[in-house]
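These are the residues of each chain, in order.
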Amino acid sequence: MDAGVAASAAKTRRHTLPRGARVRRKAEFAQVFESGKRIGTPLLALHWYFDDGPARLGLAVSRKTDPHAVGRNRIKRALREAFRQLRPCLRGGAYVLVARRDAAQADGRQLRAALNTLLQRAGALSATQVPGTMPAVFPSPRRPAANGFDAGPEQPDP
């Protein structure tokens, strides 16, 4: 392969969910639905089954959720991308997301928030594990006093 083509391919490489990170077989779905646990929000229901395997995602978005394929695919894309970003922080197991009717009117941000909430409630993701670029706790702009109590806003030295 030409070096220019390889560099171009590397730049346009899509971030996809690997095949091993998906719940695909009917038997896997059945195990999650029959042996797993379930919680829900108005947008999504999460069925999960913890095991020794890597975190895997299964999606169920029916025509009852949105009669248009474009809408169903938008929901699946948003959930797949949110799961892909959170996957390194998740406990091993199978996670099946079932979209509810309200998901059709939700934007990507609302779907991500619902997924985060469900994963935290399921015990698969703690609030401190959510990846991001900003620190979870911001340093105070105040300078502590010599006695250890808050001295108020930092004053310039004379």
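Refer to the structure printed above.
What counts, and where the lines are drawn
- Residues numbered from 1 in each chain as written.
- Predicted model: local features only at pLDDT ≥ 70, side-chain atom pairs only at ≥ 80, totals over all residues.
- Heavy atoms only, no water.
- Helix = DSSP H or I, 4+ residues; strand = E, 2+ residues; numbered from the N terminus.
- Buried < 20%, exposed > 50% of the residue type's maximum accessible area, 1.4 Å probe, protein only.
- Contact = heavy atoms within 4.5 Å.
- Areas by Shrake-Rupley, 256 points an atom, 1.4 Å probe, with all protein chains shown as cover.
- Polar contact = N/O pair within 3.5 Å; in protein donor to acceptor, adjacent residues only side chain to side chain.
- Salt bridge = Lys/Arg side-chain N within 4 Å of Asp/Glu carboxyl O.
- Expected span 1.5 Å × (residues − 1).
- Arc of directions from axis to C-beta.
- Pairing = 2+ DSSP bridges.
- Axes fitted to C-alpha atoms, helices over the stretch in contact; angles between N-to-C directions.
- Phe/Tyr/Trp six-rings, centres within 6.5 Å; stacked < 30°, edge-to-face > 60°.
- Lys NZ or Arg CZ within 6 Å of the ring centre and 35° of its normal.

Novice: An account of the overall build of the chain is needed here, citing residue identities and associated values.
Specialist: Broken down by element type, the chain carries four helices and six strands. Out of the 158 residues in the chain, the part that is buried amounts to 30%. Of all intrachain contacts in the chain linking residues separated by at least 6 positions in sequence, the fraction that spans at least 24 positions is 75%. Accessible surface, the chain as shown: approximately 10700 Å² in total, 52% of it carbon and sulfur.

Novice: Tell me what's going on with the environment of Glu-81, and back it up with residues and numbers.
Specialist: By secondary structure assignment, the location of Glu-81 is in helix α3 (residues 69–86). It is 8.4 Å that separates the C-alpha atoms of Glu-81 and His-15, two residues lying 66 residues apart in sequence. Looking at Glu-81, its side chain comes within polar contact range of the side chain of Gln-85, at 2.9 Å.

Novice: Give a description of the pattern of salt bridges that names residues and reports values.
Specialist: What the rule picks out here adds up to five salt bridges. Residue Glu-28 is joined to Arg-25 by a salt bridge in which the shortest nitrogen-to-oxygen separation is 3.9 Å. Its relative accessible area of 13% is what places Glu-28 among the buried residues. A salt bridge links Arg-109 to Asp-107; the shortest N-O distance between them is 3.3 Å. Residue Arg-109 is classed as exposed on the basis of its relative accessible area, which comes to 56%. Each of Arg-25, Glu-28, Asp-51 and Arg-56 takes part in a single network of salt bridges with overlapping partners.

Novice: Break down α3 for me, citing the residues and quoting the values.
Specialist: Its 18 residues give α3 an end-to-end C-alpha distance of 26 Å, which sits within 8% of 26 Å, the value for a rise of 1.5 Å per residue. Taken together, the buried positions of α3 are occupied by Gly-71, Arg-72, Ile-75, Ala-78, Leu-79, Ala-82, Phe-83 and Leu-86. Looking down the long axis of α3, one finds its buried residues gathered within 130 degrees of arc, a one-sided arrangement. On the buried face of α3, the contacting elements are β2 (44–50), β3 (55–60), β4 (93–99) and α4 (108–122).

Novice: Requested: an account of the sheet that holds β4, with residues and values cited.
Specialist: One open sheet accounts for four strands, arranged β1-β2-β4-β3; its pairing is mixed. Strands with a single pairing partner mark the edges of an open sheet, and in this sheet they are β1 (37–40) and β3. For this sheet, the mean inter-axis angle between neighbouring strands, taken without regard to orientation, is 20 degrees. The strands touched by helix α2 (residues 26–35) within the sheet are β1, β2, β3 and β4, with β2 carrying the most contacts at an inclination of about 100 degrees.

Novice: Can you break down the packing of aromatic side chains residue by residue, with the values?
Specialist: Considering all chains together, one arrives at four aromatic pairs under this definition. An angle of 75 degrees between the planes, with centres 6.1 Å apart, marks the rings of Phe-50 and Tyr-95 as edge-to-face. Note that Phe-50 is positioned in strand β2 and Tyr-95 in strand β4, a separation of 45 residues in sequence. By way of ring pairs, the aromatic residues Trp-48, Phe-50, Phe-83 and Tyr-95 are connected into one cluster. Above the face of the Phe-50 ring, Arg-91 is positioned so that its terminal group lies 3.7 Å from the ring centre.

Novice: Tell me what's going on with the environment of Val-23, and back it up with residues and numbers.
Specialist: Locating Val-23 in the fold gives a position in the loop between α1 (3–11) and α2. Distance from Val-23 to Arg-56, taken between C-alpha atoms, is 5.7 Å for residues 33 residues apart in sequence.

Novice: Account for α4, naming residues and giving values.
Specialist: Helix length check: α4, at 15 residues, gives a terminal C-alpha distance of 21 Å against a target of 21 Å (1.5 Å per residue), a fit within 8%. Those residues of α4 not exposed but buried are Leu-111, Ala-114, Leu-115, Leu-118, Leu-119 and Ala-122. Within α4, the buried residues cover an arc of 130 degrees as seen down the axis, which keeps them to one side. In this structure, α4 carries Arg-109 and Arg-121 as exposed residues pointing more than 90 degrees from its buried face. Structurally, α4 contributes buried residues whose contacts are with β1, β2, α3 and β4. Two residues or fewer past α4, Gly-123 is found with a positive phi of approximately 85 degrees.

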